[in-house]
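Here's the letter readout for the chains.
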Amino acid sequence: MSFDKAQDLVQLAVMASGRRGVSLLEIEAEFGRTRRTAQRMIDALQTCFPLVRHETDDEGRRRWILPVSAVAQFLTPTADELVAVSAAIEELRLAGNTTEATRLRSFEAKVRALIPGPARARLAPDEEALLEALGHAARPGPRPAVQPDVDAAISKALKGGCQLRIQYPGRGGRLATPRTVEPYGLLLGVRRYLVARDTAKPEAGLLHYKVEEIETAECLNEGFVIDPGFSLRAHAQKAFGSYVNDSDAADVTWRFTPAAAARARRFVFHPTQTVEEGEDGSLTVRFTASGSLEMCWHLYAWGDAVEVLKPESLRARVQDHRRSDFESLP
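Everything numeric in this text was worked out from a predicted model, so none of it was measured.

Enquirer: Is there a simple way to explain the sheet that holds strand 10 (residues 274-277) in this structure?
Expert: Paired through backbone hydrogen bonds, the strands of a sheet run either parallel or antiparallel to each other. One open sheet holds the 4 strands; their spatial order is 10-11-9-12, and the pairing between them is antiparallel. Among the strands making up the open sheet, the edge pair consists of strand 10 and strand 12 (306-310). Taken over all neighbouring pairs, the strand axes of this sheet differ in orientation by 20 degrees on average, direction set aside. Here strand 10 pairs with strand 11 (residues 283-289) via 4 bridges, running antiparallel. The residue of strand 11 that forms the bridge with threonine 274 is arginine 286.

Take a look at the structure:
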């Protein structure tokens, strides 16, 4: 058996040790194999692990199940996996999600505690080297300031489906006032926005509160029901960055010069974008979104290497700020 096939067999054994086991359809999807190859993999699994049993699920599919004890020795995490967890914790911290970062750090500690001593000693050098290398790729630059108490209250309210009382300033720098809101989710970006419905203004629909401007937050015992048709992912796709404003939504068209096209191809400016290659080597990107101010911030970094074709309002805002003396593109 080749090394690659041995790795696949171990991975299959781990999948089979799950609560519901594994089906042929799941093997095909996970390994990108044909039905016949998936059947051969099951044969190999049964040969190497005699404790494998099979049963038929509610949908009439056969599933193969392996006791966890049979694969326990293969469940020690790799150095790459441990480093990935450490990196995720740091990303959460930098994004201002201190509550989730703390919980993931606690999970990491539990996983490490379950690693046998000898294996832990073998992993340490590789993990240290990977962490050092990853440190050179850490995300620098400004990031949102965080308030742990506010973040913890928001996290608790979101998970519990509870109302949230926040102290939030009004428009134009007016003093902060208490508001009771029903939190739907968080949008993360240059700024963090709490998507919520103000109980005192139900007709206003979903509003967006800058997390960094929330002075205090308290999770209440009063629950609420989220609109069953709401999708945070779909809601986020209405925006270019993290700010959603339906009245600002527009069809957007940007054309990058031939000199900048190669760099622009490496970006996904919006999940719904379409891209068109020009005969002169230019690149035209189209999408529909709100957030013209965040678009201006991003477009400025491209200097005169990008031209706004649509909408006209965005074109007018950036036209006089296109520079030719930037030493590098984003």
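Resuming the write-up.
Enquirer: I tried to follow the packing of aromatic side chains on my own but got confused; where do I start?
Expert: Centre distance and the angle of the planes are the two values used to describe a pair of aromatic rings. In the structure shown here, the tally under the stated rule is 14 aromatic pairs. Relative to tryptophan 254, the ring of phenylalanine 240 lies with its centre 5.6 Å away and its plane at 70 degrees, an arrangement referred to as edge-to-face. With phenylalanine 240 in the loop between helix 8 (232-236) and strand 9 (250-256) and tryptophan 254 in strand 9, this residue pair connects regions lying 14 residues apart in the sequence. Across the pair, exposure class does not vary: phenylalanine 240 and tryptophan 254 are buried alike. Members of the aromatic cluster, each reached through a chain of ring pairs, are Phe240, Trp254, Phe256, Phe267, Phe269, Phe287 and Trp302.

Enquirer: In this structure, what is going on with unusual backbone geometry? I would like to understand it.
Expert: Note: most residues except glycine have negative phi, and most peptide bonds are trans. A cis geometry characterises the amide bond from lysine 310 onward to proline 311, with omega recorded as -5 degrees. Looking at the secondary structure, you find proline 311 in the loop between strand 12 and helix 11 (312-318).

Enquirer: What am I meant to see in the layout of surface pockets here?
Expert: With a probe scaled to a water molecule rolled over the atoms, the places where space remains empty come into view. Looking at the largest pocket, its volume works out to about 790 Å³. Where the lining of the largest pocket is concerned, the elements lending two or more residues are strand 4 (162-169), strand 7 (206-210) and helix 10 (292-300). Considering each element in turn, the lining of the largest pocket owes the most residues, 5 residues, to strand 7. Across the lining of the largest pocket, the residue classes break down as 11 nonpolar, 6 polar and 12 charged.

Enquirer: So what exactly am I meant to see when it comes to the environment of isoleucine 89 here?
Expert: By secondary structure assignment, the location of isoleucine 89 is in helix 4 (residues 79-94). The class of isoleucine 89 is buried, set by a relative accessible area of 6%. Along the backbone, isoleucine 89 and glutamate 108 are 19 residues apart, and their C-alpha atoms lie at a distance of 9.2 Å. Among all residues touching isoleucine 89, those that are not within four sequence positions of it are Ala101, Leu104, Arg105 and Glu108.

Enquirer: Whenever I open this one, the sheet that holds strand 1 (residues 22-23) confuses me. Can you help?
Expert: If you trace the 3 strands from one edge of the open sheet to the other, you get 1-3-2, paired in antiparallel fashion. This sheet does not close on itself; its edge strands, each paired only once, are strand 1 and strand 2 (53-56). Pairing of strand 2 with strand 3 (residues 62-65) involves 4 bridges; the strand directions are antiparallel. The residue of strand 3 that forms the bridge with arginine 53 is isoleucine 65.

Enquirer: What is the right way to look at the packing of helix 5 (residues 98-113) against helix 7 (residues 148-160) in this model?
Expert: Each packed pair of helices is defined by two parameters, the angle between the axes and the distance between the axes. Axis separation between helix 5 and helix 7 bottoms out at 8 Å; the angle between their running directions is 75 degrees. Relative to helix 7, the element helix 5 is oriented roughly perpendicular. Residues Thr98, Thr99, Glu100 and Arg103 of helix 5 form the contact with helix 7, whose participating residues are Pro148, Asp151, Ala152, Ser155 and Lys159. Tallied by class, residues from the contact of helix 5 with helix 7 come to 2 nonpolar, 3 polar and 4 charged.

Rules used throughout
Note that residues are indexed from 1 along each chain, following the sequence as it is written. Per-residue local features are limited, in this predicted model, to residues with pLDDT of at least 70; the limit for side-chain atom pairs, both in listing and counting, is 80 or more; totals at the level of whole chains, interfaces and linings are taken over all residues. Excluding hydrogens and water, the side-chain values take into account all heavy atoms of the structure. A pair of strands is considered paired only if DSSP assigns at least 2 bridges between the two. Put simply, DSSP H or I for four residues or longer makes a helix, DSSP E for two residues or longer makes a strand, and each gets a number counted from the N terminus. Every angle, taken between N-to-C directions, lies between 0 and 180 degrees, and every axis is a line fitted to C-alpha atoms, over only the stretch in contact when it is a helix. Any two rings among Phe, Tyr and Trp, with Trp reduced to its six-membered ring, count as a pair given centres within 6.5 Å; such a pair is stacked if its planes are under 30 degrees apart, edge-to-face if over 60, and tilted if neither. Throughout this description, buried means an accessible area under 20% of the type-specific maximum (1.4 Å probe, protein chains only), exposed means over 50%, and partly exposed covers the range between. For each structure, a 1 Å grid was placed over the protein atoms alone; sets of points admitting a 1.4 Å probe that cannot get out are labelled cavities, open sets with protein on both sides within 12 Å along at least five of seven lines are labelled pockets, and lining residues have an atom within 4 Å of a point. Grid points are joined across faces, edges and corners, and a volume is the space filled by probe spheres set on the points. Amino acids are sorted into nonpolar (Ala, Val, Leu, Ile, Met, Phe, Trp, Tyr, Cys and Pro), charged (Asp, Glu, Lys and Arg) and polar (every other residue, Gly among them). In this analysis, two residues are considered to be in contact whenever any of their non-hydrogen atoms come within 4.5 Å of each other. For classification, angles of less than 35 degrees are called roughly parallel, those exceeding 145 degrees roughly antiparallel, those between 65 and 115 degrees roughly perpendicular, and all remaining angles oblique.

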